[in-house]
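Here are the chains, one letter per residue:
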Amino acid sequence: MGNADYTYPWSNDYNSHAAASHRVAIPPPQPFVKSLKNTLKETFFPDDPLRQFKNQSPRKKLVLGLQYLFPILEWGPRYTLQFFKADLIAGITIASLAIPQGISYAKLANLPPILGLYSSFVPPLVYALMGSSRDLAVGTVAVGSLLTGSMLGQVVNANDDPKLYLHLAFTATLFAGLFEAALGIFRLGFIVDFLSHATIVGFMGGAATVVCLQQLKGIFGLDHFTHATDMILFMRSVFTQIHQWRWESAVLGCVFLFYLLLARYFSKKKAKLFWISAMAPLTSVILGSLLVYFTHAEKHGVQVIGELKKGINPASIMDLNFDSRYLTAAIKTGIVTGIIALAEGIAVGRSFAMFKNYHIDGNKEMIAFGMMNIAGSCTSCYLTAGPFSRSAVNFNAGCKTAVSNIVMAFAVMITLLFLTPLFYYTPLVVLSSIIIAAMLSLIDYEAAIHLWHVDKFDFVVCMSAYIGVVFANIEVGLVLAIGLSIMRVLLFVARPRTLVLGNIPDSKVYRSVDQYQNANNVPGLLILEIDAPIYFANSNYLRERISRWIDDEEDKLKASGDTGLQYVILDMSAVGNIDTSGISMLDEVKKIVDRRGFKLALANPGAEVMKKLNKSKFLETLGQEWLFLTVGEAVGACNYMLHSCKPKSTADDQSEKYSNNIV
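Residues numbered from 1 in each chain as written. Predicted model: local features only at pLDDT ≥ 70, side-chain atom pairs only at ≥ 80, totals over all residues. Heavy atoms only, no water.

- Looking at an unreviewed UniProt entry, the protein chain carries the name Sulfate transporter 3.1-like, with the source organism given as Sesamum indicum.
- Taken verbatim from the UniProt record of the protein chain, the Subcellular location (unreviewed entry) comment is "Membrane". (UniProt positions renumbered as here; feature names shortened; annotations may be inferred.)

Next up, the structure:
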């Protein structure tokens, strides 16, 4: 980097001609209504979902509208027997996982175990009708269950008033569904994007750690355990009750946990053995139940589920509780759990859609998630989403469409109608082992290491979420992580990058001198790239930063004895928009440049920027002759004027020699 080897690529005549013939166009004015319409369209309808309705007959529009709301109407007519065979196998496979997981996660939410089965019956049917993912398997999720239990537990104790607690769980599920559906209907899915990848990795890992610690109650067979969700109180609760630890329960839990982890290990080693891991939870439930039944272990400290009510989901619409004393807690729980469920479900759906090369509509998924939770809240279900473990099994089992969810729902229905008595002797310690095995896969330490190597700030966000969840509580960890993510977005806006550009040798290209060490500074010119839109939040910073760049450049030129600074060129290529504060900033920068005896030039300002600069009369102040299509043209014009309008000095002679070297 430097001036010594700089060779300007054009002759003076070319530069004069280029500057005279090419002008930056001001876009034609648009009516306000049309401009507002375009802005709203880009904000809320970037995927243009209404395109398919253009130039269609009313009947065709009705059909397309129904297919949009109910995707099953679009792919259903093309469904084949071969597809059904694949979906049947996948559905039965995920049902074998959904049944024990559903019972386990309901206990995690401090709800009756039967609700885990209810929640794997109605919601999957709704999703099969309205969802756009072929691979997502619907059901209860561990983190959502934990959030439900911890947040509702702050206002109602599930043991003291189980009926009220149950009704509030249904109400929170209703609000979660309404919130999810509203996000999809009003095209507000970008709100969920504030949960960055780093936030989700840290939050999920922290929640999984908390869930694992909670299962120590079941592993050691403890009757009394803390309702708090931080590690310190967990450890205190466990180790102050050593005298109450039951070795029978602990041994049984460790054996089944080892079996579950071993099954997962073999499934990961060979993809075709996915069924071993998928069947392991149900196998554990069956073996555990038989062991307790034949050894009467329930009489020796091993706790069991007990009686599960037969029959399909009873209606719960009349159980929804809108009492003002608890309404705030129900709404808060619904919104928080709804956001987490959406973030996980949509991310999982998109991941598997990428593997099979098809697209899912995020807003449509939100509507589907919302409707299945609204329907679930009226049919004795609590929060459901698209858990990764179940969806991965569905994908590996070879599912073709959402019919696999329908098959799973019918398998759960048969279980509810005929098989629930068989779960009477299922030991709780086995359920704890199933939960721990599932949660360990959510502690993604490899992703955290990757974040450390790629982006340290993302790593800080990730660890903040993890530490906040583990050592404080779920809400603190979530708020802390989202707060840091938003702060980073604000920093990107408020502190945009400004780069000094130089010429790549033997080219007309100008790039950052920090990135390209062979880029040469142009004598007498300072070329700066502004790498973001200019708003009120960053206008003061940019004014100060540009002034500092000018000071630094002058000091450097004085120290080296090179040509004095004469022109400042701002590359506006990355400035997509500007507000009135930004225009005022440019006006101030021009005054600063003028006071120092320099000239300010703008290169490649965009349409929106040009429109506002023109309306504000800034273009008149600057002068049209100082607007250029490219940095190259701006450099050419400034370089020409630098050598044609000034008396020559030794430094100028040297600079002109570089300018005309190619001629």
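The discussion continues.
### Brief notes about the overall build of the protein chain
Reasoning step 1: For the protein chain, the helix and strand inventory stands at 28 helices and six strands.
Reasoning step 2: Principal-axis analysis of the C-alpha atoms gives the protein chain an extent of 105 × 65 × 55 Å.
Reasoning step 3: Buried positions account for 53% of the 663 residues belonging to the protein chain.
Reasoning step 4: Excluding contacts between residues fewer than 6 apart, the proportion of contacts in the protein chain whose partners are at least 24 apart in sequence is 80%.
Reasoning step 5: Summing over all exposed atoms, the protein chain offers an accessible surface of approximately 30,900 Å²; the carbon and sulfur share of this is 63%.
Reasoning step 6: Of the side chains in the protein chain, 56 bear a positive and 50 a negative charge, and the two mean positions are spaced by 8 Å. (Helix = DSSP H or I, 4+ residues; strand = E, 2+ residues; numbered from the N terminus. Buried < 20%, exposed > 50% of the residue type's maximum accessible area, 1.4 Å probe, protein only. Contact = heavy atoms within 4.5 Å. Areas by Shrake-Rupley, 256 points an atom, 1.4 Å probe, with all protein chains shown as cover. Lys, Arg positive; Asp, Glu negative; His and termini not counted. Charge placed at Lys NZ, Arg CZ, Asp CG, Glu CD.)

### Some thoughts on the nonpolar core
Reasoning step 1: Ranked by size, the top nonpolar core spans 116 residues in total, and within it Phe203 and Met439 carry the most contacts.
Reasoning step 2: Setting aside its immediate chain neighbours within four residues, Met439 contacts Tyr105, Ala142, Ala208, Val211 and Cys212.
Reasoning step 3: Val500, Leu542, Ile550 and Ile569 belong to the second largest nonpolar core, which has 53 residues in total. (Core = buried A, V, L, I, M, F, W, Y, C linked by side-chain atoms within 4.5 Å.)

### Here we look at helix α22 (residues 474-494)
Reasoning step 1: Between its first and last C-alpha atoms α22 spans 30 Å; for 21 residues at 1.5 Å apiece the expected length is 30 Å, and the two agree.
Reasoning step 2: Along α22, the positions that sit buried rather than exposed are Ile474, Glu475, Gly477, Leu478, Ala481, Leu484, Ser485, Arg488 and Ala494.
Reasoning step 3: Elements that come into contact with the buried residues of α22 comprise α8 (142-152), α10 (197-214), α15 (324-356), α21 (456-471) and α23 (539-560). (Expected span 1.5 Å × (residues − 1).)

### Structural notes on unusual backbone geometry
Reasoning step 1: Within the chain, Asn357 stands out as a residue other than glycine whose phi angle is a positive 60°.
Reasoning step 2: Assignment of secondary structure puts Asn357 in the loop between α15 and α16 (362-377).
Reasoning step 3: Owing to a relative accessible area of 71%, Asn357 belongs among the exposed residues under this scheme.
Reasoning step 4: At Ser380, a residue that is not glycine, the phi angle is positive and equals roughly 60°.
Reasoning step 5: Relative to the assigned elements, Ser380 resides in the loop between α16 and α17 (388-396).
Reasoning step 6: The exposure class of Ser380 is buried, given its relative accessible area of 5%.

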